[in-house]
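Given next are the chains, with one letter for each unit.
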Number of protein chains: 2
Amino acid sequence: MAEKEKTKKRLEELGKMILNEIKAGNNPLLDIPIRALSNVIFNPKTRLIEMGGAESKRYFFNVAHIRKFVQTIEAAAIARELMTVDKHLSLRQVFYAMRRTIPGTKIDIVDEQTESNQAIEDMELLSKSSREQLHINANRNGAAAGKIVIKDKGDIIDWSKLGSGGWAIPSNTEEIEFKKADAKFIIYMEKAAMWERLHEDRVWDKLDCVIIASQGQATRGIRRLLQRMNTELKLPVYILTDFDPWGWYIYSVLKFGSIALAYESERLAIPNAKFLGLTADDVKKYGLERQKIRFTEKDVSRLKQMAEYDWFKENKDWQKQFKMMQEYGGKVELDALVTKGISFVSEKYLPEKIKNKDWID
Amino acid sequence: MAEKEKTKKRLEELGKMILNEIKAGNNPLLDIPIRALSNVIFNPKTRLIEMGGAESKRYFFNVAHIRKFVQTIEAAAIARELMTVDKHLSLRQVFYAMRRTIPGTKIDIVDEQTESNQAIEDMELLSKSSREQLHINANRNGAAAGKIVIKDKGDIIDWSKLGSGGWAIPSNTEEIEFKKADAKFIIYMEKAAMWERLHEDRVWDKLDCVIIASQGQATRGIRRLLQRMNTELKLPVYILTDFDPWGWYIYSVLKFGSIALAYESERLAIPNAKFLGLTADDVKKYGLERQKIRFTEKDVSRLKQMAEYDWFKENKDWQKQFKMMQEYGGKVELDALVTKGISFVSEKYLPEKIKNKDWID
């Protein structure tokens, strides 16, 4: 049975179970894994941020539980409908789809989007499926170019023949098929302007790769796409960010997962991703010391926090970087490489770093 | 001579003029149009927000002027280099390219990006060219799909064959060629999630059109692309936003231009664009009254401001909408149409509005 049919079946079984319990005069119960920091762990074996085993019990016949119980079931019903008619909605649109009045009452199933969002997260955990598999989409942003040919919605799309724009990455990348891959690796970057720089220099053609950018934190669609290319096509993923605690956090989320989405790490995180962005050593090597952007208080405390994370604590290479950044007292942007030449990043920085395997793991 | 060669020539003539003046012992002078609210007018004939004629004189041999003078010339030199090597940089990257120390001094040409941004704006006015024509790119965001075939960087790209993602719109859309257009109109929307809804429903196939989305305010690349399709392909542009003063402002900028970019209205604004988004009448007609999002104080004052703008003041249709919105006391999102059915917006709202020419001008 295809993954999609399995997901749908799990939702239907959930509904049947509840109906049967009610018919039998029992009190239906949902075991919902607890999504809180207390139930999140870093698993040193998988090198992923994962959920622990704590669950909370939610009963149907319980005035304190009933509202959330009904919301979760309503979200499941909408997901099942979306899968049946093969359509997708955004989180906001699902909120409206759920916002109806229960017949014979003046009670709406949801009043705020936080309620429908939580119901969707509960349902993801209950059905062991991601919201994308349930046909509910997150935000979209970002573009791709390079030596890959995909099939999507019946169209064959060659990422090397899309002009200056590239392929717009959709919010949901579950059903894309990879038809041909002449790329040897993927470069992910946090800034669209850097992507345009590399694209204009045809870096993907010269280095046989794929370039992908979002804006800031990668969208779920991009994270899933990178993870699928990494596991299905065996392509290494290199992450290109500024010399900046926030850029380094983007790397951290892509590689290890995040606390907020710990229950999705297995589908979204890329434990073998490498950091190819600016390091303290690069700042010296390429003479960028004068391009310093002084730390704000927020930057300083972010850097301290990062050094304390379980997934960085035992890592000597990162601890060295954190220390050197603290001593330097500032950040440096990748864009500062322009001071060395318009195409310096494409012609020198990237080829040199990749050839020398000059990345951090 | 091609537009590009003309632009380059204007920059070179500017440089020669300054050199000649200095050699002749004169004090070189730049006449810079003033970019301030006091020098912006709404031209009722063109229906565009335009610059007035006020200029300020900037002298080379003047301690109060010299810094800005040099910055403007440095920006011109970089633009000329970019055009010569046929490469592009972002605003941020140009800031780094300009941030160099003047030999024999401790003075940097620019310290902050606001300085390089202003120098670029001055240069746009002096050279009568947009920053895109000068190979300096703004932000990018957004996607397109539909019945258009373009040529870009040597690639032929069919916007109807790009899967669920669509074509990622680059920051610079100056050099795109339109090869084939079976579309009858363009729908621009402010939200990527709505674009995904219409795209999944293949609205562009059913209604013979193009769909384009950004996120919030349209990027310059998208505005220029819409304007070019409107003038070169004679395609009407319909703008789809929420029932919301901020959504209506997005329409206003696309149609009339903006105060901040008044000097670019001729290249970016679309005076014949129509508003196809939610109106007060639609809220009643489609029974969306209960989907109200209450006004914040900011919303109320924005709405008042809008009603006072020259370009809305004399427009009875808009004044009626402003009044009805004020009485209703809230906003309604397009996504609320989901309460009427997953594809209601594609199957009923849009076809009906377009068939009945139920738009606001």
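> What is the right way to look at the relation of the copies chain B and chain A in this model?
Rotating chain B by 180° and moving it 0.0 Å along the rotation axis overlays it on chain A with an RMSD of 0.0 Å. Here the two chains are linked by the operation of a two-fold rotation axis. It is Ala168 of chain B whose C-alpha, among those of chain B, lies nearest the rotation axis, at 2.1 Å. With an isologous cut-off of 70% or more, the 100% of interface residues of chain B that recur at the interface of chain A puts this contact in the isologous class.

> What should I look at first to understand the interface of chain B and chain A in this one?
Interfaces are frequently sized by the accessible area removed from exposure as the parts join. Each side of the interface is counted separately: chain B has 39 residues, and chain A has 39 residues. Elements with a minimum of two residues in the side of chain B that touches chain A: strand E5 (89–90), helix H3 (91–98), strand E9 (155–158), strand E10 (167–168) and helix H5 (192–200) of chain B. Along the lines of polarity and charge, the residues of the side of chain B that touches chain A split into 16 nonpolar, twelve polar and eleven charged.

> Please clarify how unusual backbone geometry should be interpreted in this entry.
Excluding glycine, residues mostly have negative phi values, and the peptide bonds linking residues are mostly trans. Residues and elements named next belong to chain A. In the Ramachandran plot, Arg202 falls in the positive-phi region, its phi being about 50° despite a non-glycine side chain. Mapped onto the secondary structure, Arg202 falls in the loop between helix H5 (192–200) and helix H6 (203–206). For Arg202, a count of 15 C-beta atoms within 10 Å gives the class partly exposed. We note that Lys234 has phi near 60°; this positive angle belongs to a residue other than glycine. Under the C-beta neighbour-count criterion, Lys234 is labelled exposed, with 8 such atoms within 10 Å.

> Would you take a moment to explain the nonpolar core for this structure?
A general tendency of soluble globular proteins is for nonpolar side chains to be buried together. Ile186 and Tyr188 of chain A together with Ile186 and Tyr188 of chain B are the most contacted members of the largest nonpolar core, which has 197 residues in total. If near-sequence neighbours (up to four positions away) are discounted, Ile186 of chain B is found in contact with Cys209, Val210, Ile212, Leu226, Met229, Leu235, Val237 and Tyr238 of chain B.

> Is there a simple way to think about the sheet that holds E9 of chain B in this case?
Picture the strands of a sheet paired through backbone hydrogen bonds; they go either parallel or antiparallel. All names here are of chain B. A sheet is described by the order of its strands in space; here three strands give the open sequence E9-E8-E11, paired in antiparallel fashion. The strands lining the two open edges of the sheet, one partner per strand, are E9 and strand E11 (177–181). Here the strands of the sheet are splayed against their neighbours by 20° on average, with no regard to which way each runs. Here strand E8 (residues 148–152) runs beside E11; their pairing, made up of four bridges, is antiparallel. By the bridge assignment, Ile148 is partnered in E11 with Ala181.

> Mind showing me how you'd approach the packing of helix H2 (residues 66–85) of chain A against helix H4 (residues 113–127) of chain A here?
If you want to describe how two helices pack, look at the angle between their axes and the distance between the axes. Residues and elements named next belong to chain A. As a packed pair, H2 and H4 sit with axes 8 Å apart at the nearest point and diverge in direction by 75°. Of the possible angle classes, the one that applies to H2 and H4 is roughly perpendicular. Facing H2, whose interface residues are Gln71, Thr72, Glu74, Ala75, Ala76 and Ala79, H4 presents Glu115, Ser116, Ala119, Ile120, Asp122 and Met123. Of the residues contributing to the contact of H2 with H4, the split by class is six nonpolar, three polar and three charged.

> Can you walk me through the domain arrangement of chain A in this structure?
All names here are of chain A. Domain assignment breaks chain A into domain 1 (3–137) and domain 2 (143–355). The gap between the C-alpha centroids of domain 1 and domain 2 is 33 Å. Taken together, the 18 residues of domain 1 in the interface contact 18 residues of domain 2. Among the elements of the structure, strand E2 (40–43), strand E3 (48–51) and H4 are those that each provide at least two residues to the side of domain 1 that touches domain 2. At four residues, E3 tops the list of elements feeding residues into the side of domain 1 that touches domain 2. Tallied by class, residues from the side of domain 1 that touches domain 2 come to eight nonpolar, five polar and five charged.

About the thresholds
- Along each chain, residues carry numbers from 1 onward, in the same order as the chain's sequence is written.
- Both sets of labels track the order of writing: A upward for chains, 1 upward for ligands.
- The predicted nature of this model means local features are confined to residues of pLDDT at least 70 and side-chain atom pairs, given and counted, to a pLDDT of 80 or more, with totals for whole chains, interfaces and linings taken over all residues.
- Copies overlap after least-squares fitting; the atoms used are the C-alpha atoms of residues with pLDDT of at least 70 in both.
- By the criterion used throughout, residues are in contact when their C-beta atoms, derived from the backbone, lie within 7 Å.
- Numbering goes from the N terminus for both helices and strands, where a helix is a DSSP run of H or I of at least four residues and a strand is a run of E of at least two.
- Each residue is assigned to one of three groups, with Ala, Val, Leu, Ile, Met, Phe, Trp, Tyr, Cys and Pro labelled nonpolar, Asp, Glu, Lys and Arg labelled charged, and all others, Gly among them, labelled polar.
- Any residue whose C-beta has 12 or fewer other C-beta atoms within 10 Å is treated as exposed, any with 20 or more as buried, and any in between as partly exposed, C-beta atoms being built from the backbone.
- By definition, a nonpolar core groups buried Ala, Val, Leu, Ile, Met, Phe, Trp, Tyr and Cys residues that are joined through C-beta atoms within 7 Å.
- Pairing between two strands is assigned when DSSP locates at least 2 bridges connecting them.
- Note on geometry: axes are lines fitted to C-alpha atoms, helical ones only across the stretch in contact, with angles between N-to-C directions running from 0 to 180 degrees.
- An angle counts as roughly parallel when it lies under 35 degrees, as roughly antiparallel when it exceeds 145, as roughly perpendicular when it falls between 65 and 115, and as oblique in every other case.
- Per the annotation, domain bounds derive from an automatic or database assignment of domains.

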